[in-house]
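Structural overview for review
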Amino acid sequence: MRTCKRNPACHPERSVAESKDPVALSRISRRDSSTSLGMTRNMYRTHDCNSLRKGDIGQQVTLAGWVHVSRDHGGVIFIDLRDHEGLTQVVFRPEENAELAKQAHTLRSEDVIQVSGRVAPRVPGTENPKLPTGDIEVIPSELHILNRADDLPFPIDAEVHNEDLRMMYRYYDLRRPQFAHNLRVRHRIAKATRDYLDSQGYVEVETPILSKSTPEGARDFLVPSRLTPGKFYALPQAPQQYKQLLMVAGLEKYFQIAKCFRDEDLRADRQPEFTQIDIEASFVTPDDIFAVTEGMLAAIFKAARNIDIKTPFDRLTYQEAVGRYGSDKPDRRFGMELVDLGDDFRSSSFKVFRGAIDAGGVVKAINAKGFAGITIGQADELTEIAKLFGAKGLAFIKVENGEWKSPIVKFFSEAEKTALQSKLEIEEGDCIFFGADKWEIACEVLGRLRLRIAEIQKLIPKSEIWDFLWVTDFPLFQWSPEENKWNAMHHPFTRPKTEDIPLFEAKNFPEIRAEAYDVVLNGVEIGGGSIRIHEPELQEKMFETLGVSPEDQQLLFGHLLHALHLGAPPHGGIALGLDRLVMLVCGEKSIRDVMAFPKNNRGMDLMANSPAEVDSRQLRELKLRLLEEKK
RNA sequence: GGAGCCUUAGCUCAAUUGGUUAGAGCGCCGCCCUGUCACGGCGGAGGUUGCGGGUUCGAGCCCCGUAGGCUCCGCCA
């Protein structure tokens, strides 16, 4: 599975992003060829390597690029010359120019050369239909070796799994057509974003990178201040407060393609520095934010992939999403929804189910169609997952030969069995998994099982599906048992739903819903936002609930509170993760594949070798001293 | 902080149950080759099997430890 990941033949539905084939790159490049042609005509070249066609036969041209591959027949030598646009075959013939052919014998992959010569038709029968330039070749009269390449650390036209090594030679790895494609898609997405938001009257404003640490949220990256020794800037986790202050400033429609920084552990889709499409507007309701986001995403998909996505997006409340899919970012590309069995087991004699319900919890189940053949290893793995997310164990029923196979079936009454049968639409070959616990735990456990089972059963459709949806009405607060206090689920500036504000007064915190929303694509959260609190009293009440003392409120958020007192308009917005979006559009599994210079798992750049030690003089200037490492 | 998987030539991988001198393809070097497009042919160099220890007559393979990579959990308002 892994080895064929990038083989287009295995996945014809995949984007050319998956392709290592330079031919595929040429296809997408043509869209831009009019602009790139203009750029390439200079002292180094008259055309790019994806320009020449039959109609150019007879022309004198100059090309420059890398030796992609050379096929040396002893006599005639074929060079596939590669640049960012594509490939052109260059043919050295001893009988045409012996001296040049001799030189061409020495060419190796990745040497940088410049050739001048005439465009010729290929010998009939030797045209290459796989190349856009496959009808012609260039017969050079001049060859300049601009730069030789040493022995290569790894091949760029083959799959290399050693990401470590690739990161060390990132500038070389980026020559892969896959990256040429991904970085172009990223550019187009950024451009479409700017163009669309500009058309809607949004103004791009840059906010400070040297910012201030705040107690809530992720760990900050700190930057020591030389001019005020002992004090630190923080790199922004998001431009959140600045954009709200821009609303107070009367800007009304703001956006920014903003670098954000969070000092947390990394994942395939998480880097310490990443990019958000950050949007904020005044006098808006969630519907306004939904509309501009949908319009923007439609423009992005049109520009990047020429895909027309369906708008408006479906909406699910948090309750619905978690209740039906066991996740606040449901992947709806397959079924296996959670089914509630509370009504059927309320007075059951099966103590595990009855007990969960009596304790105020739920009984839910999913039906994995055709999964009765589950192996012992798979069952163990799923049980591990269930336990990891808080279940005490995992009960399941295999339906084989018309028989329900499970140690728990004997506890079920006939009525209960009938209810299961009809609600879960049980058929021969199915496998039913149960969750009986507090609502949150039962849902999350089944949600995780659902995703893993879908993976095992390969339920996610091969064809490209772009399932966007909004998840709305998130809880405002989340209880933290570790800190023994309420935390903001989104962030402390999120406004409660107006109809829930009375609950706020009654200190019924778990019931309060926020005017907060996430946009989800194929089970991945690609963005989230909220309507913000614009009333200073409500903001103070919010801080109070979160355990921020009045003194700290002034110290940490004084500027924001003052701003709210100076006529802040109602406002709200959203932020979308650009890297994740590009990743999905490119069909990649990691955001590292859509960033030019990402960090590895431990936050290190193996190419530049950062982070690195600094000179003791630099530390002295900052009035910093390193602590001795404890052994 | 925790779990899983991985680490054999520059790269991608192989090596029966623990058994001779650790192999192949690509790349590299040399020679040959005039229509290829993953060109082809012949030859060659290239290895402390991540590192340390243990079990054994014998370890790439089994055990313990350790380092690194990736994925996940925690964490990421």
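Residues numbered from 1 in each chain as written. Chains lettered and ligands numbered in written order. Predicted model: local features only at pLDDT ≥ 70, side-chain atom pairs only at ≥ 80, totals over all residues. Heavy atoms only, no water.

1. Looking at the sheet that holds strand β17 (residues 468-472)
This is how the line gets drawn: Paired strands are those between which DSSP finds at least two bridges. In this description a helix means any DSSP run of H or I spanning at least four residues, a strand means any run of E spanning at least two, and both kinds are numbered starting from the N terminus. Note on contacts: a residue pair is in contact if any heavy atoms of the two residues lie within 4.5 Å. For every element, the axis is a line fit to its C-alpha atoms; helices are fit only across the contacting stretch, and the angle between N-to-C directions ranges from 0 to 180 degrees.
The strand order across the open sheet built from eight strands is β6-β9-β10-β22-β21-β20-β17-β11, with neighbouring strands paired in mixed fashion. Two strands in the sheet have a free side with no partner beyond their single neighbour: β6 (203-204) and β11 (314-317). With four bridges joining them, β11 and β17 adopt parallel strand pairing. When the bridges of β17 are listed, Leu-316 appears paired with Val-471. Sheet contacts for helix α8 (residues 286-305): β10 (273-282), β11, β17, β20 (516-521), β21 (524-531) and β22 (571-577); angle to β22, the most-contacted strand, approximately 30°.

2. Quick notes on the sheet that holds strand β14 (residues 395-400)
One key point about sheets: their strands pair by backbone hydrogen bonds, in either a parallel or an antiparallel sense. Ordered by their spatial adjacency, five strands build an open sheet running β12-β13-β16-β14-β15, and the pairing between neighbours is antiparallel. Edge strands, defined here as strands with exactly one partner in the open sheet, are β12 (339-340) and β15 (403-405). Contacts from helix α11 (residues 351-358) reach β13 (362-368) and β16 (431-437), with the element oriented near 40° to β16. Packed onto the sheet, helix α14 (residues 439-456) meets β13 and β16 and runs at close to 10° relative to β13.

3. Remarks on the environment of Ala-516
By the secondary structure assignment, Ala-516 is in strand β20. The spacing of Ala-516 and Asp-473 is 43 residues in sequence and 5.9 Å in space, taken between C-alpha atoms.

4. Quick look at the protein's contact with RNA strand B
We count it as follows: Nearness is defined per residue: one heavy atom within 4 Å of the molecule or strand is enough. Under this definition, polar contacts are N or O atom pairs within 3.5 Å; protein pairs additionally need one hydrogen-donor-capable and one acceptor-capable atom, and for neighbouring residues in sequence, both atoms have to be side-chain atoms.
Residues in contact with RNA strand B amount to 53 residues; listed here are only the nearest, Asp-72, Arg-93, Thr-126, Glu-137 and His-490. Put simply, 52% of the atoms of RNA strand B that lie within 4 Å of the protein are in sugar or phosphate. Between RNA strand B and the protein, one listed contact pairs a sugar or linking oxygen with a backbone N or O atom of Gly-217 at 3.4 Å. Ala-488 places a polar main-chain atom, nitrogen or oxygen, 2.7 Å from a sugar or linking oxygen of RNA strand B.

5. Overview of the packing of aromatic side chains
Defined as follows: Pairing of aromatic rings covers Phe, Tyr and Trp, the last through its six-membered ring, and needs centres within 6.5 Å; plane angles under 30 degrees mean stacked, over 60 mean edge-to-face, and all others mean tilted. For every residue, the accessible area (1.4 Å probe, protein chains only) is compared with the maximum for its type, and the residue is labelled buried under 20%, exposed over 50%, or partly exposed between those bounds.
For the coordinates displayed, the defined rule picks out 30 aromatic pairs. Between Phe-290 and Trp-470 the ring centres are 4.1 Å apart and the planes differ by 20°, which places this aromatic pair in the stacked class. You can see Phe-290 sitting in helix α8 and its partner Trp-470 sitting in strand β17, a full 180 residues away along the chain. Each member of the pair, Phe-290 together with Trp-470, is buried. The structure contains a cluster of three or more aromatic residues connected by ring pairs, namely Phe-290, Phe-301, Phe-313, Trp-466, Phe-468, Trp-470 and Tyr-517.

6. A few points about helix α16 (residues 536-545)
In an α-helix, one full turn covers 3.6 residues, which means residues spaced three or four apart are oriented alike. Taken residue by residue, α16 has Pro-536, Leu-538, Gln-539, Met-542, Phe-543 and Thr-545 as its buried positions. Of the surrounding elements, those touching the buried residues of α16 are β18 (477-480), β19 (485-488), α15 (501-505) and α17 (550-565).

7. Topic: the pattern of salt bridges
The test is simple: Salt bridges are defined by distance alone: a side-chain nitrogen of Lys or Arg within 4 Å of a carboxyl oxygen of Asp or Glu.
Counted under the stated rule, the structure contains 51 salt bridges. One salt bridge connects Asp-269 with Arg-580, and the closest N-O pair in it is separated by 3.7 Å. Here Asp-269, found in the loop between β9 (253-261) and β10, pairs with Arg-580, found in helix α18 (residues 578-586); they are 311 residues apart in sequence, far enough to count as distant. Judged by relative accessible area, which is 27%, Asp-269 ranks as partly exposed. Its salt-bridge partner being Arg-532, residue Glu-280 comes within 2.7 Å of it at the nearest N-O pair. Within this pair, whereas Glu-280 is found in strand β10, its partner Arg-532 is found in the loop between β21 and α16, the two being separated by 252 residues in sequence. Residue class for Glu-280 comes out buried when judged on its relative accessible area of 0%. The buried category is assigned to Arg-532, whose relative accessible area is 1%.

Note that every value here comes from positions in space, so none of it alone points to a role or purpose.
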